[in-house]
Amino acid sequence: MPVDFVLAFFDYPSQEILTLQVTRRVFLQNGSMAAMAMTMGTGGSHRTIPHYRTQLNASSLAKFVDPLPIPEIAKPVEYRVSPDNPTLKIPYYRIPVRQFESKLHRDLKPTRQWGYGGISPGPTFETRSGQGLLVEWANELPTLHFLPIDHSIHGAEADKPEVRTVVHLHGARAPAESDGYPENWFVPGKSALCHYPNRQDAAMLWYHDHTLGINRLNVFAGLLGTFIVRDEFEEALNLPRDAYEIPLVIYDRVLDLDSQLNYPVSGEAGKPWVPEVFGDATVINGKLFPYLEVEPRKYRFRALNSANGRFFHLTMAASGARTSESFAQIGCDQGLLAAPVRLSILTLAPAERADVVVDFSAHAGSNLILKNDTLDIMQFRVAANGTPHKSSLPQSLRPVEKIPEASAVKTRTLALTEIDDKIQRPVTMLLNNTHWNMAVTESPVLDSTEIWELVNPTDDSHPIHLHLVRFQILDRRNFNVNVHLMSGDVKYTGTAVPPEPGEAGWKDTVRADPGMVTRIIVKFEGYTGRYVWHCHILEHEDNEMMRPFDVVAPK
Ligand SMILES: [Cu+2]
């Protein structure tokens, strides 16, 4: 398949494109190639491309001149009666959603962004398992959007207000009315009150915009933040904490020469949507190429990939060489793993989280570099001496009891499909060949267990996220794509591969890799009501790769 997304980005003449013969899958898996494509694009044959402007070459900026920002902790404004227990008062937060400017780098001008609490990432919520809280999300944004809306996309038609928002707390077991259903958007001047009961294990969740048809633009503008749930079990493990526990919110952006967000467009009149976006500016906690001063001891990093579409492959390098077994991964999306997993490369698909411990004690007085593929993205400056510490890295963490396959009452086979135009540019992506507006086809019964088989005949790895629930990955297995495309049948061609050790815990987002059937097992616990499942490549999600599902009461 030709490089359709480069065509989309840079409006290459199609003849040129057809000679390149690189698949988008390769681009998805290889960040440096995407960066190369971006560089190629600056010399490409631009015609009149609305919105999209000449790109800043982010690698030309000085490295490691800004300290890593740590997002502030959200503070409740008062206590209010809990919606599910009138005898209880719970914290009430009010978070304004605002436009603001901040410098992404010392040598850049301030960049216009949108942020929760007027910052991006937004303030970090700190709460405990079972400690419910209320958040009033108040839309105080301007009435005009500054990124290119595609009115041909479902839910973003020209009769809709330009600026709309709705907030989803990713990974939360929350009632449907507080889950941020994509159609429940509200306009500037309005707000939504959400109740998060937090009856779930310790984990790092994250909140972000989920507005139908413009989600990719609102998140690109900066509407994201983290939400940490803690519990006694985790605290008893004596992991690094307080100043030694640090969130790393990682995402890529495209900037213009004026330091402004430069969301790519297709170049096709009236249809600016592009199938994926990859930027060469890797931002961590709101800064490009930040540094962090650390002591020679263990740190706990809570990493989140909040990129629109980029998969990160993170490594640590000392003096130019990769250090082996740099990370001890202790948790994934929905909390702790059964035991630490030693990794030299940490892969994060969009929306995935990894909880990792890094021990700097062997590097006193030197610098380490965090890399994504070949790109240096952050520096750790390890002090020569540190304060004595007693944190530990236990050999066993939290038991993860496997859900038996025999407990599943239903198996659903769900295809992930891509519809291309005549020159093989994707025009829409679908789940199970159904559009957003079609009748609900997945209606699991509350407290029942199901197996979902995600059949991926496309060239892309799609990170699939189910709202409300946590699940376990059973396996991935190659199948014959051609047979599937002709007949719909699934003919396996390989043996089932178990999840990677770092995925073998509780998940809420799973890579459905190309040419494979990915099986997950899910218990639909929590609440009845309407939720969604979708691809977390935001450009896919916005263009039909999202479906509602209903959790129904048992008969
Ligand atoms: Cu996708």
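Anything mentioned here points back to the structure above.
Residues numbered from 1 in each chain as written. Predicted model: local features only at pLDDT ≥ 70, side-chain atom pairs only at ≥ 80, totals over all residues. Heavy atoms only, no water.

A. Representation of the overall build of the protein chain. Broken down by element type, the protein chain carries 8 helices and 32 strands. For the protein chain, buried positions account for 61% of its 555 residues. In the protein chain, the share of contacts with a sequence separation of at least 24, taken over all contacts with a separation of at least 6, comes to 77%. Accessible surface for the protein chain amounts to roughly 20600 Å². Of this, 52% is attributable to carbon and sulfur atoms. (Helix = DSSP H or I, 4+ residues; strand = E, 2+ residues; numbered from the N terminus. Buried < 20%, exposed > 50% of the residue type's maximum accessible area, 1.4 Å probe, protein only. Contact = heavy atoms within 4.5 Å. Areas by Shrake-Rupley, 256 points an atom, 1.4 Å probe, with all protein chains shown as cover.)

B. Looking closely at the sheet that holds strand 31 (residues 529–535). With antiparallel pairing, the 4 strands of this open sheet are ordered in space as 29-27-31-32. With one partner strand each, in any of the chains shown, strand 29 (509–512) and strand 32 (546–551) form the two edges of the open sheet. In this sheet, adjacent strand axes meet at a mean angle of 25° when their direction is disregarded. Note: strand 31 against strand 32, 6 bridges, orientation antiparallel. Each residue of the ladder has a partner; that of glycine 529, found in strand 32, is valine 551. (Pairing = 2+ DSSP bridges. Axes fitted to C-alpha atoms, helices over the stretch in contact; angles between N-to-C directions.)

C. Quick peek at the side chain of arginine 302. Mapped onto the elements of the fold, arginine 302 is located in strand 15 (residues 298–305). With residues near it in sequence (within four places) discarded, arginine 302 still touches Ala203, Met204, Ile228, Arg230, Glu245, Ile246, Pro247, Leu248, Ala354 and Asp355.

D. View of the coordination of the copper ion. Surrounding the copper ion are the protein donor atoms His462 (ND1), Cys535 (SG) and His540 (ND1), which sit 2.0 to 2.1 Å from the metal. The sequence pattern formed by the donor residues of the copper ion is H-x72-C-x4-H. Highlighted residues: histidine 462 in strand 27 (residues 462–466) and histidine 540 in helix 8 (residues 538–542), separated in sequence by 78 residues. Taking the relative accessible area as the measure of exposure, histidine 540 reaches 0% and is therefore buried. (Donors = N, O, S within 2.8 Å, 3.2 Å for Na, K, Ca; no water.)

E. Quick peek at the pairing of strand 9 (residues 203–209). The buried fraction of strand 9 amounts to 7 of the 7 residues, a majority that puts the element mostly inside the structure. Bridge count for strand 9 against strand 10 (residues 224–230) is 6 bridges, and the pairing is antiparallel. From the neighbouring strand, tryptophan 206 faces strand 10, where its bridge partner is threonine 226.

F. Seen up close, the nonpolar core. With 98 residues, the main nonpolar core has Trp137, Phe301, Phe360 and Phe380 as its most contacted residues. For phenylalanine 380, the contacting residues outside a window of four places in its chain are Leu292, Val294, Phe301, Met316, Phe360, Ser366, Asn367, Leu368 and Leu370. By size, the runner-up hydrophobic cluster in this structure holds 31 residues, among which are Ile153, Leu454, Phe471 and Val522. (Core = buried A, V, L, I, M, F, W, Y, C linked by side-chain atoms within 4.5 Å.)

G. Structural view of the sheet that holds strand 11 (residues 245–253). Pairing in this open sheet of 7 strands is mixed, and the strands run 13-12-11-15-21-18-19 from one edge to the other. A single partner strand is all that each edge strand has here, and the edge strands are strand 13 (287–288) and strand 19 (335–343). The pairing of strand 18 (residues 327–332) with strand 19 spans 5 bridges and is classified as antiparallel. The partner of glycine 331 across the bridge, within strand 19, is leucine 336.

H. Structural view of the packing of aromatic side chains. Summed over the entire model, instances satisfying the criterion amount to 22 aromatic pairs. Consider the rings of phenylalanine 125 and tyrosine 207, whose centres lie 5.4 Å apart with planes at 80°: the pair is edge-to-face. On the criterion of sequence distance, the pair formed by phenylalanine 125 in strand 5 (residues 125–128) and tyrosine 207 in strand 9 is long-range, its members being 82 residues apart. Grouping residues by exposure puts phenylalanine 125 and tyrosine 207 together as buried. Ring geometry for tyrosine 299 versus phenylalanine 360: centroids 5.6 Å apart, planes at 75°, classification edge-to-face. Within this pair, whereas tyrosine 299 is found in strand 15, its partner phenylalanine 360 is found in the loop between strand 21 (353–359) and strand 22 (367–372), the two being separated by 61 residues in sequence. Of the two residues, tyrosine 299 and phenylalanine 360, both sit in the buried class. Taken together, the ring pairs in this structure connect Tyr93, Tyr116, Phe125, Trp137, Tyr196, Tyr207 and Phe227 into an aromatic cluster. (Phe/Tyr/Trp six-rings, centres within 6.5 Å; stacked < 30°, edge-to-face > 60°.)

I. Representation of unusual backbone geometry. For the bond from serine 120 to proline 121, the omega torsion is -5°, close enough to zero to count as cis. Along the chain, proline 121 falls in the loop between strand 4 (111–116) and strand 5. Unlike most non-glycine residues, asparagine 238 shows phi in positive territory, near 60°. Tracing the sequence through the fold places asparagine 238 in the loop between helix 6 (232–235) and strand 11.

J. Quick peek at the pattern of salt bridges. Under the defined criterion, the tally for this structure stands at 38 salt bridges. For glutamate 235, the salt bridge goes to arginine 128, with nearest N and O atoms at 2.8 Å. Of the two residues, glutamate 235 is situated in helix 6 and arginine 128 in strand 5; the sequence distance between them amounts to 107 residues. Note on glutamate 235: relative accessible area 28%, which makes it partly exposed. Residue arginine 128 is classed as partly exposed on the basis of its relative accessible area of 35%. We note a salt bridge from aspartate 252 to arginine 310, for which the minimum N-O separation is 2.9 Å. Pair noted here: aspartate 252 is in strand 11 and arginine 310 is in the loop between strand 15 and strand 16 (312–318), with a separation of 58 residues, a long-range link. (Salt bridge = Lys/Arg side-chain N within 4 Å of Asp/Glu carboxyl O.)

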